[in-house]
Amino acid sequence: MSDAKRSGCPINLTLEVVGDKWSLLIIRDIIFGNRRHFRELLTHSEEGISSNILADRLKTLLEAGILTRADDPTHKQKGVYSLTEQGIELLPVIAQMAAWGVKYLPVTEELGIRAQLLRDGGPKMWAEMMDELRETHLGIKRRKSGPTVGERLQKAYLEVVARSKDAAAR
């Protein structure tokens, strides 16, 4: 990350950290796909990120304090990426961007269902999901029991995928 900033504008400064083509997609994949390893982020990218771009963006996100990297206890050569509080607090931004996309762009039902549910759930659901992310990434125990927001979003996604497969088989 360069020390030279175009301005002190909060929108400009935010875009200098996450305003490229890939950074928010990496954060999306960590949040919604629980992809925490380099290989997972690389091979499961819907958009097909290259390894050099992924490495560069991860470095930027680490330097900006949005992610941390720790050694994976199960494999000495692997690292586990975790969101920091800064990264977790990007969830409402991503949810709002997704809601805008669902409203104005030709989003597929499969890839739009999570955005619709987050939009409908609003700030209360976002806060609940951020607490879940704090538990996963920061080790802060949450108080709620029952299905997590992440589990509910995944269930809805899998239901849409199954419905699409059934319709295609007919």
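**Q** How should I be thinking about the overall build of the chain in this particular structure?
**A** Broken down by element type, the chain carries eight helices and two strands. Secondary structure elements of the chain occur, N-terminal to C-terminal, as α-α-α-α-β-β-α-α-α-α. Taken over the C-alpha trace, the chain has a radius of gyration of 17 Å; the compact-globule value for 170 residues is 15 Å, and the two agree within 12%. Within the chain, the proportion of its 170 residues that are buried is 38%. Restricting to contacts in the chain with at least 6 residues of sequence separation, those with at least 24 account for 51%. A total accessible area of about 10600 Å² is found for the chain, and carbon and sulfur atoms account for 55% of it. Separation between the mean location of the 26 positive side-chain charges and that of the 23 negative ones in the chain comes to 2 Å.

**Q** Looking at this model, I keep getting lost on the pattern of salt bridges. Mind explaining?
**A** Charged atoms that come close allow side chains of opposite charge to pair. For the structure shown, the criterion picks out 14 salt bridges. Put simply, Asp-29 and Arg-28 hold a salt bridge, and the shortest N to O gap is 2.9 Å. Residue class for Asp-29 comes out buried when judged on its relative accessible area of 6%. In this structure, Asp-29 and Arg-35 form a salt bridge, with 3.2 Å as the shortest nitrogen-oxygen distance. Connected via shared salt-bridge partners are Arg-28, Asp-29, Arg-35 and Glu-47.

**Q** Could you clarify how one ought to interpret empty space enclosed by the protein in this entry?
**A** Empty space among the atoms becomes visible once a probe the size of a water molecule is rolled across them. Following the criterion strictly, the structure yields one cavity of 30 Å³ or more and no others. Taken as a whole, the largest cavity encloses approximately 40 Å³ of empty space. Considering the residues around the largest cavity, the lining is formed by Trp-22, Leu-25, Ile-26, Asp-29, Leu-41, Ser-45, Ile-49 and Leu-54. Across the lining of the largest cavity, the residue classes break down as six nonpolar, one polar and one charged.

**Q** Help me out: how do you make sense of the environment of Leu-83 in this one?
**A** When you line up the elements, Leu-83 lands in strand 2 (residues 75-83). On a C-alpha basis, the gap between Leu-83 and Ala-162 in space is 31 Å, while along the polypeptide they are 79 residues apart. Excluding residues within four positions of it along the chain, Leu-83 makes contact with Ile-27, Ile-30, Ile-31, Ile-66, Leu-67, Ile-88, Leu-133, His-137 and Leu-138.

About the cut-offs
- Every chain begins its residue count from 1, and numbering advances along the sequence as written.
- Only residues with pLDDT of at least 70 get local features here, since the model is predicted, and only at 80 or more are side-chain atom pairs given and counted; chain-wide, interface and lining totals rely on the full set of residues.
- Heavy atoms from the whole structure form the basis of all side-chain values; hydrogens and water molecules are not counted.
- For the purposes of this entry, the term helix denotes a DSSP run of H or I that reaches at least four residues, the term strand denotes a run of E that reaches at least two, and both are numbered from the N terminus.
- Both definitions apply: the radius of gyration is a C-alpha atom measure, and the globule rule equals 2.2 Å times residues to the power 0.38.
- Only protein chains enter the area calculation, which uses a 1.4 Å probe; residues under 20% of their type maximum are buried, those over 50% are exposed, and those in between are partly exposed.
- By the convention used here, residues are in contact when the closest approach between their heavy atoms is within 4.5 Å.
- Here the Shrake-Rupley method, with its probe set to 1.4 Å, supplies the accessible areas, and only the displayed protein chains count as covering residues.
- The charged-residue count follows a simple rule in which Lys and Arg add positive charge and Asp and Glu add negative charge, with His and chain termini not counted at all.
- To locate a charge, take atom NZ for lysine, CZ for arginine, CG for aspartate or CD for glutamate.
- The rule for a salt bridge is simple: a side-chain nitrogen of Lys or Arg has to be within 4 Å of a carboxyl oxygen of Asp or Glu.
- Using protein atoms alone on a 1 Å grid, points that fit a 1.4 Å probe yet trap it form a cavity, whereas open point sets bounded by protein on both sides within 12 Å along at least five of seven lines form a pocket; residues with an atom within 4 Å of a point count as lining.
- Grid points are joined across faces, edges and corners, and a volume is the space filled by probe spheres set on the points.
- Polar here means any residue other than Ala, Val, Leu, Ile, Met, Phe, Trp, Tyr, Cys and Pro, which are nonpolar, and Asp, Glu, Lys and Arg, which are charged; Gly is therefore polar.

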